[in-house]
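Each chain, written out:
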Amino acid sequence: QVQLVGSGGGLVQSGGSLRLSCAASGSFFSISINTMGWYRQAPGKERELVASISRGGSTNYADSVKGRFTISRDNAKNTVYLQMNSLKPEDTAVYYCAAGFTISASRAPTSWGQGTQVTVSS
């Protein structure tokens, strides 16, 4: 079973940057974290996929974060990162780390982290 522990959230001013990290631990097969990603959920809104990255490094981003967020991973550490630059107040949300064989809008992850709050002030 995969345990995902995320960190790095906080309060930042508009235009600032934050870096989220999420480490996978436990007893699992590597295919369980073949794809890792980040979702977010703002108050009153549905959870949305922000970015994902495969073990081989293929990435996907939501249109709203393209050019501002960068997802990366360290396979040796089973860790995924989300570098968030040029943050906007509309990026305020709880960010959830996730993992699975495939992650997409139509394929839900099989493991979730506990969520970390990101608040961007105007």
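Here the structure is shown first, and the text comes after it.
Throughout what follows, the structure given in this document is the object of discussion. Owing to the predicted nature of the structure, the values given are computational and were not obtained by experimental measurement.

Describing the sheet that holds strand β1 (residues 2-7)
- Here we have four strands laid out as an open sheet, ordered β1-β3-β8-β7, and antiparallel in their pairing. Each edge of the sheet is formed by a strand with only one pairing partner; in this case those strands are β1 and β7 (69-74). For this sheet, the mean inter-axis angle between neighbouring strands, taken without regard to orientation, is 15°.
- Pairing of β7 with strand β8 (residues 79-84), which is carried by six bridges, proceeds in the antiparallel orientation. Looking at the pairing, Arg73 lines up with Val80 of β8.

Observations concerning the state of the cysteines
- One pass over the structure, following the stated rule, counts one disulfide.
- Across a sulfur-sulfur distance of 2.1 Å, Cys22 and Cys97 are joined as a disulfide pair. One quick way to see it: the torsion about the S-S bond of Cys22 and Cys97 is about -85°, and its sign makes the bridge left-handed. With a gap of 75 residues between them, Cys22 in strand β3 (residues 18-26) and Cys97 in strand β9 (residues 93-100) connect regions that are remote in the sequence.
- The exposure class of Cys22 is buried, given its relative accessible area of 0%.
- Since its relative accessible area comes to 2%, Cys97 is described here as buried.

Cut-offs and rules
Residues numbered from 1 in each chain as written. Predicted model: local features only at pLDDT ≥ 70, side-chain atom pairs only at ≥ 80, totals over all residues. Heavy atoms only, no water. Pairing = 2+ DSSP bridges. Helix = DSSP H or I, 4+ residues; strand = E, 2+ residues; numbered from the N terminus. Axes fitted to C-alpha atoms, helices over the stretch in contact; angles between N-to-C directions. Disulfide = S-S within 2.5 Å. Buried < 20%, exposed > 50% of the residue type's maximum accessible area, 1.4 Å probe, protein only.

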